[in-house]
Amino acid sequence: MAIGVILALMGTACLIQLANVQLVNGKSMAQAAAQSRTITVTLKASRGKIMDTNGSILAQSVERYTIIGNPEEAQAFTPTTCTKQTGDNCHQIDGKPVGATGAAAVARLLAPVLGMDATELGAMLSGTGQYAVLKKDVTPAVKRKISKLNLGGIVYAELSNERIYSNGTLMGALLGGVDGEGKGVAGIEQMENKTLTGEDGYQVYQQGNNGVEIPGTMTESKDAVNGSDVTLTIDHDVQWYVEKVLRESCEKYSSPWGIAVVQDTQTGDILALADSDEIEAGSDQAKMTVSRAVSETFEPGSIGKVFTMSGMIQLGLHQASDKFTVPDHITVNGQTYSDATTHGAEHWTLAGILEQSSNVGMIIAGEKMSNEQRYDFIRKFGIGQDNRLGLPGESDGLLYSADQWDLRTQNTVLFGQAYTTNALQLTNAVAVIANKGVKKPQRIIKTISDAEGHSEEQKPKGEATRVIDEQVASQVMNAMESVSDHYSQFIKVDGYRVAAKSGTAEVAGADGRLSSIISDYSAIIPADNPRFVVTVVLKDPQGVFGGLTAGPVTAEIGEFLMQKYEVPASSPRTDAIPVTW
């Protein structure tokens, strides 16, 4: 009877609890159970591609996975012996039993697939909590192998992306890189980060004990939206060739570094923006280094005479054919200035002064040009101004206002000293002559295409502005072509006329003194039908003068451009302005 009473009481208690579970608290307990099985899974958006002007991929994100382990579940894991009854839902290593339980067993199964040490994996799975990152950037093939290990609920994969740069050091620092979260932190990756970054999606569903989604339980979802693709104006082939030539030239002239820019005169598009530094795109070095072609500033040297001559003619002070008697040195306001070579009193026209690159001649010709006018024309050509390309680390250079000039500076600015610029600025300034006196804004981003394939042309930032009259630009172009003819023995592009100007400037060296040299050369090609401006800058080359070092490099690049773009050969030159009298 006692046993019967106890059983009756137990049965009654069970019935009461059953009623409580199913009737009183049934709904809330069912919700709690569903909630414990419900997870939110992030759907990772892919970062957009970076491509060259012809669609060649420079940077892209590929499908990768982050492998996640659940330490609590791993420590409670017991391998299932493989028999006829268990079929494929079992665990073994090379046809043999696992030989362990818990985290050690999971590690033994997983280590060969991930290519990791089993002891290291076991330690990672022996901690507390339910989330441990075991390995990042795993390929889809490896992820599929993990799925066949029957470790659902213990080990799973989260979709991620790996940034791949397909051309090694090509544009390394210019492209930059992304951090561990996929955010652009340097170069174009940083500049266009907002455009390239997509918007993650998500799915909310219930999972079973094996970590697999329970069919029909998805309650909410949002698709991921991939980032937009960015197409540059850079031509992969031109960039590759220019970088190659720069490295060879630095070796030839024992120069520590070189920079080159190729610009389409008709559009303002940058076809190549190169330096001799060999930095792997996406590497830690690329993430911490600004492209030298963007950041390096220097005195332009005698290339600055192009801007001074343009101002003199535009103001009506001179014509290119005006005649001057030019000694090799001159003293003005107690300051003595000299030409690079010793010579007697030469009879040169203004065009001849540019051809011979005479500092003294520019001072004599610029006598009636006020300091404010000298400043205004340098500035109008874009020197010391924002290029508005938005490239990280780009410097505007330095151009002090005329009221800050001392007695020496007011004359050295006439021949490209006492102010600094960068290669992009200098190239666009010379392009003013090629564009018949009009300064066009530069562009490095060509198009942006969203995830749905809609492409939008990117207009240059800023408007075209007239700097000098067309007939003034024509005279300066004529004189620059005489400069090119002056160097024709060792700087020429067969079949094409070239208008150019060389420069050589002393700059501060590592010792803080004027112990280093910048040699540069900027050329318009073809001179009779301008298509490109090419600028080359070399630091401390053996040979010193820009016309003897940077000049041949410029010609080599120009020859490649003529062949690649199949530019028609030039007509003979018949209108040269006299350079002597």
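Computed from a prediction, not measured in an experiment: that's the story for all the values here. (Residues numbered from 1 in each chain as written. Predicted model: local features only at pLDDT ≥ 70, side-chain atom pairs only at ≥ 80, totals over all residues. Heavy atoms only, no water.)

(A) Highlighting the layout of surface pockets. A volume near 870 Å³ is recorded for the second largest pocket. In terms of lining, the second largest pocket is formed by 39 residues, of which the most central are S302, A340, N359, T504 and F545. At the level of secondary structure, the elements contributing two or more residues to the lining of the second largest pocket comprise β16 (335-338), β17 (346-349), α14 (350-356), α17 (409-412) and β23 (499-507). For the lining of the second largest pocket, the element with the most residues is β23, which contributes six residues. Looking at the lining of the second largest pocket residue by residue, the class counts come to 14 nonpolar, 18 polar and seven charged. (1 Å grid on protein atoms, 1.4 Å probe; cavity = no way out; pocket = protein on both sides within 12 Å on 5 of 7 lines; lining within 4 Å. Points joined across faces, edges and corners; volume = space filled by probe spheres on them. Helix = DSSP H or I, 4+ residues; strand = E, 2+ residues; numbered from the N terminus. Nonpolar A, V, L, I, M, F, W, Y, C, P; charged D, E, K, R; others polar.)

(B) Examining unusual backbone geometry more closely. For the bond running from I525 to P526, omega is -10°, close enough to zero to count as cis. Looking at the element boundaries, P526 is found in the loop between β24 (516-525) and β25 (532-539). Positive phi, close to 50°, is recorded for D540, a residue that is not glycine. Among the secondary structure elements, D540 is positioned in the loop between β25 and α20 (550-564). Using a relative accessible area of 28% as the deciding quantity, one classes D540 as partly exposed. For E566, which is not glycine, the phi torsion reads 50° and is therefore positive. Along the chain, E566 falls in the segment after α20. For E566, a relative accessible area of 67% translates into the label exposed. (Buried < 20%, exposed > 50% of the residue type's maximum accessible area, 1.4 Å probe, protein only.)

(C) View of the environment of L196. With respect to the element layout, L196 can be found in helix α9 (residues 193-196). It is 7.2 Å that separates the C-alpha atoms of L196 and V230, two residues lying 34 residues apart in sequence. Those residues in contact with L196 that sit more than four places away from it in its chain are S46, R47, G48, K49, I50, R163, I188, E189, G227, S228 and V230. (Contact = heavy atoms within 4.5 Å.)

(D) The arrangement of the packing of aromatic side chains in detail. Within the structure shown, the criterion is met by seven aromatic pairs. Centroid distance Y375 to W405: 6.4 Å. Interplanar angle 65°. Geometry classified as edge-to-face. With Y375 in helix α16 (residues 371-380) and W405 in the loop between α16 and α17, this pair connects stretches of sequence that are 30 residues apart. The side chain of K380 reaches across the aromatic face of F377, ending 4.8 Å from its centre. One Lys or Arg, K564, reaches over the ring of Y565 and ends 5.4 Å from the middle of that ring. (Phe/Tyr/Trp six-rings, centres within 6.5 Å; stacked < 30°, edge-to-face > 60°. Lys NZ or Arg CZ within 6 Å of the ring centre and 35° of its normal.)

(E) Highlighting the sheet that holds strand β8 (residues 201-206). Overall, antiparallel pairing links the three strands, which are arranged β1-β8-β9 in an open sheet. Of all strands in the sheet, those with a lone pairing partner are β1 (38-43) and β9 (220-222), marking the two edges. Strand-to-strand twist of the sheet, defined as the mean angle between neighbouring strand axes without regard to direction, takes the value 20°. Two elements, β1 and β8, share six bridges in a ladder whose sense is antiparallel. By the bridge assignment for β8, T42 is matched with Y202. (Pairing = 2+ DSSP bridges. Axes fitted to C-alpha atoms, helices over the stretch in contact; angles between N-to-C directions.)

(F) Representation of α16 within the structure. What α16 keeps buried is the set R374, Y375, F377 and I378. Buried residues along α16 sit in contact with α13 (305-314) and α17. Phi turns positive one or two residues past the end of α16, at G382, with a value near 100°.

(G) Geometry of the pairing of β8. Two strands pair when backbone bridges link them, and β8 and β9 are joined in this way by three bridges, in the antiparallel orientation. For Y202, the partnering residue across the bridge sits in β9 and is K222.

(H) Here's a closer look at the sheet that holds strand β12 (residues 270-275). Spatial ordering of the open sheet is given by β12-β11-β25-β24-β23, a layout of five strands whose pairing is antiparallel. Strands with a single pairing partner mark the edges of an open sheet, and in this sheet they are β12 and β23. Each strand axis lies, on average, 10° off the axis of its neighbour in the sheet, ignoring direction. Two strands pair when backbone bridges link them, and β24 and β25 are joined in this way by eight bridges, in the antiparallel orientation. Bridge pairing links I518 to K539 in β25. Sitting on the sheet, helix α10 (residues 236-252) is in contact with β11 (258-264), β12 and β25, with an inclination near 30° to β12.

(I) Spotlight on the packing of α10 against α20. Where α10 meets α20, the axes come as close as 10 Å, and the angle between the chain directions of the two elements is 155°. Here α10 lies roughly antiparallel to α20, going by the angle between them. Handedness of the α10/α20 crossing: right-handed. Two secondary-structure elements touch here, α10 through D237, V238, Y241, V242, V245, E248 and S249 and α20 through V553, E556, I557, F560, L561 and K564. For the contact of α10 with α20, the class distribution of residues is eight nonpolar, one polar and four charged. (Parallel < 35°, antiparallel > 145°, perpendicular 65-115°, else oblique. Left-handed = near helix turned anticlockwise from the far one by under 90°.)

(J) Looking closely at a nonpolar patch on the surface. On the surface, I3, I6, L7 and M10 cluster together into a nonpolar patch covering about 440 Å² of accessible area. Take L7: its relative accessible area is 54%, and that puts it in the exposed class. (Patch = residues over 30% accessible without salt bridge, like charges linked within 9 Å, V, L, I, M, F, W, Y side chains within 5 Å. Areas by Shrake-Rupley, 256 points an atom, 1.4 Å probe, with all protein chains shown as cover. Salt bridge = Lys/Arg side-chain N within 4 Å of Asp/Glu carboxyl O.)

(K) Up close: the nonpolar core. Ranked by size, the top nonpolar core spans 122 residues in total, and within it V262, L273, L391 and I557 carry the most contacts. Among the elements that line this core, the one with the most residues is helix α18 (residues 423-434), at nine residues. In contact with V262, other than residues within four places in its own chain, are V238, V242, D269, I270, L271, A272, F532, V533, V534, I557 and L561. Ranked by size, the runner-up nonpolar core spans 23 residues in total, among them A111, I146, L149 and V155. (Core = buried A, V, L, I, M, F, W, Y, C linked by side-chain atoms within 4.5 Å.)

(L) Quick peek at the pairing of β16. Bridging between strand β15 (residues 329-332) and β16 involves four bridges; their strand directions are antiparallel. Note on β16: the bridge partner recorded for I330 is Y337. Counting the residues that bridge the hairpin from β15 to β16 gives two residues, and of these N333 lies at a positive phi of roughly 50°.

(M) Examining the pattern of salt bridges more closely. Within the structure shown, the criterion is met by 20 salt bridges. D200 serves as the salt-bridge partner of K44, at 3.9 Å between the closest nitrogen and oxygen. Taken as a pair, K44 in the loop between β1 and β2 (50-51) and D200 in the loop between α9 and β8 lie far apart in primary sequence, 156 residues in all. Classification of K44 as partly exposed rests on a relative accessible area of 38%. In this structure D200 comes out as partly exposed when scored by relative accessible area, which is 33%. When the shortest N-O distance is used, the salt bridge between K49 and D229 registers 3.4 Å.

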